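# Chain and residue survey
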Amino acid sequence: MTQTKTDTPKKGLEGAIAGVTRITLIDGIQGRLLFRGYRIQDLATNCTFEEIVYLLWNGELPNRTQLAKITSELREVRSIPPRLVTILKEIPANAPPIDVLRSGISLLAHFDKETPDNSPEANWRKSLRLVAQAATITAAHYRIQHGHEPVPPSNDLPHVANFLYMLTGTKPDPAVVAPVEAYFVLLGDHDFNASTFAGRVTVGTMSDIYAATTTALGTLKGPLHGGAAEAVMEMLPHIKGPNDAEAFVDRTLAAGQKVMGFGHRVYKTRDPRGTVLKQIYFKNVKTDEQKTWGEICERIEKRMFEKKNLNFNVDFYGAVALAVAGIPIELFTNLFGISRMAGYCAHFMEQYADNRLIRPLSDYQGPAERDFVPLDKRK
């Protein structure tokens, strides 16, 4: 007797509802993104990342006392084990930063006595450590990779400013912090995206939260997910100038290749995060080169809509916005992961709280049942 299947298969699970969440709403038709009911545009222009962490985990924006508490809790757990720093120094210099972050998170599990404890209280504390220490691992490895000693976390800087401080060794200008903070807020969560869902599958087996985060970061690495912003910046040097933008799009499409930063599985109109990042980019351009990037991007944007009816997504203007803020291109995927750590932990705690093993069926289309043929009788 075969198992009953109640639905037709959806390639890539497109349009399939895989679970229930109270964290984030995506309205792909209207181009809306809500965190716990709040419009992402309002959050990105008014909130710190710490407020977003609190909102995603608690369901409400914090008051001043609650914000001070979670800010303090995150600051207290920023430092990573010294032995982990030693391991980071021994990783090959050409290792991609996102791979190092994934490995670093996996290694953190060995230093945390609460790793096997899946109680809500322990997972809350581990989530604080994951959010805080993902930034520390990324900054420490980047400095090691470039021949410098890691900069210890600051005790008096907010999360995003502290990350930039650990990256450069200099307390950052607030004008630099602002666009990066907005990026962190915008990327804080995005419903059942590929990496979050992959992590929820791991949680569904009742594995630990470090294992789930490692799964998520391995999924995030792909160029069709978190690696897309790096691909956008790698694309721009191949465009000779604004007047070559349309021709570049035509050449790329004619060759059957993707123009990175366009299209989205869920949004059928503009990605609201991308719209905010476009505004942030043009607000913060400083050099003639950056102004030229902006003109190129707008002409690519127009051409892609004319040719393919595709809108830009978060990665298109997100890439140039990060570049203007001075973030090295090789760290773009890591920034995605550091930001999304808030959402990962929110989803993982939600999955633990009402868990059922995630085990879909498949639509088998192979050979029908047949008799075994001994080796000497096979043709």
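For the structure itself, consult the block above.
Residues numbered from 1 in each chain as written. Predicted model: local features only at pLDDT ≥ 70, side-chain atom pairs only at ≥ 80, totals over all residues. Heavy atoms only, no water.

Attention shifts here to the pattern of salt bridges. Summed over all chains, the structure comprises 21 salt bridges. Residue Arg-200 pairs with Glu-350 through a salt bridge whose shortest N-O separation is 2.8 Å. Of the two residues, Arg-200 sits in helix α9 (residues 194-204) while Glu-350 sits in helix α16 (residues 332-353), which places them 150 residues apart along the sequence. You can call Arg-200 buried: its relative accessible area is 4%. (Salt bridge = Lys/Arg side-chain N within 4 Å of Asp/Glu carboxyl O. Helix = DSSP H or I, 4+ residues; strand = E, 2+ residues; numbered from the N terminus. Buried < 20%, exposed > 50% of the residue type's maximum accessible area, 1.4 Å probe, protein only.)

Quick look at the packing of aromatic side chains now. Each aromatic ring pair is described using two quantities: the centre-to-centre distance and the angle formed by the ring planes. Here the structure, examined in full by the defined rule, presents 10 aromatic pairs. Note on Phe-163 and Phe-184: the rings are 6.3 Å apart at their centroids and 45° apart in plane angle, and the pair reads as tilted. Of this pair, Phe-163 sits in helix α7 (residues 159-168) while Phe-184 sits in helix α8 (residues 174-186); the two residues are 21 residues apart in sequence, bridging distant segments of the chain. Among the residues examined, Phe-163 registers a relative accessible area of 0% and is labelled buried. Here Phe-184 falls in the buried class, since its relative accessible area comes to 0%. Judged by centre distance (4.6 Å) and plane angle (55°), the rings of Phe-262 and Phe-316 are tilted. (Phe/Tyr/Trp six-rings, centres within 6.5 Å; stacked < 30°, edge-to-face > 60°.)

With that settled, consider the packing of helix α13 (residues 272-284) against helix α14 (residues 288-308). Packing of α13 against α14 brings their axes to within 10 Å, and their N-to-C directions diverge by 150°. Taken together, the axes of α13 and α14 are roughly antiparallel relative to one another. Read as a crossing pair, α13 and α14 show a hand that is left-handed. Residues Lys-278, Tyr-281, Phe-282 and Asn-284 of α13 form the contact with α14, whose own contacting residues are Gln-290, Lys-291, Trp-293, Gly-294, Glu-298 and Glu-301. Residue composition of the contact of α13 with α14, by class: three nonpolar, three polar and four charged. (Axes fitted to C-alpha atoms, helices over the stretch in contact; angles between N-to-C directions. Parallel < 35°, antiparallel > 145°, perpendicular 65-115°, else oblique. Left-handed = near helix turned anticlockwise from the far one by under 90°. Contact = heavy atoms within 4.5 Å. Nonpolar A, V, L, I, M, F, W, Y, C, P; charged D, E, K, R; others polar.)

Here helix α2 (residues 49-58) crosses α8 at 10°, and the two axes come no closer than 9 Å. Our classification of the angle between α2 and α8 gives roughly parallel. Here Phe-49, Glu-50 and Ile-52 of α2 lie close against α8, whose contacting residues are Glu-181, Phe-184 and Val-185. When its residues are assigned to classes, the contact of α2 with α8 shows four nonpolar, no polar and two charged.

This next bit is on the environment of Asn-313. Note that Asn-313 resides in the loop between α14 and α15 (314-324). Along the chain, Asn-313 and Val-324 lie 11 residues apart, while their C-alpha atoms are 18 Å from each other. For Asn-313, the residues in contact, after removing those within four places along its chain, are Gly-261, Phe-262, Gly-263, His-264, Asp-271 and Gly-274. One polar contact links the side chain of Asn-313 to the main-chain amide nitrogen of Asp-315, over a distance of 3.0 Å. (Polar contact = N/O pair within 3.5 Å; in protein donor to acceptor, adjacent residues only side chain to side chain.)

Read these as layout, nothing more, since geometry by itself doesn't imply function.
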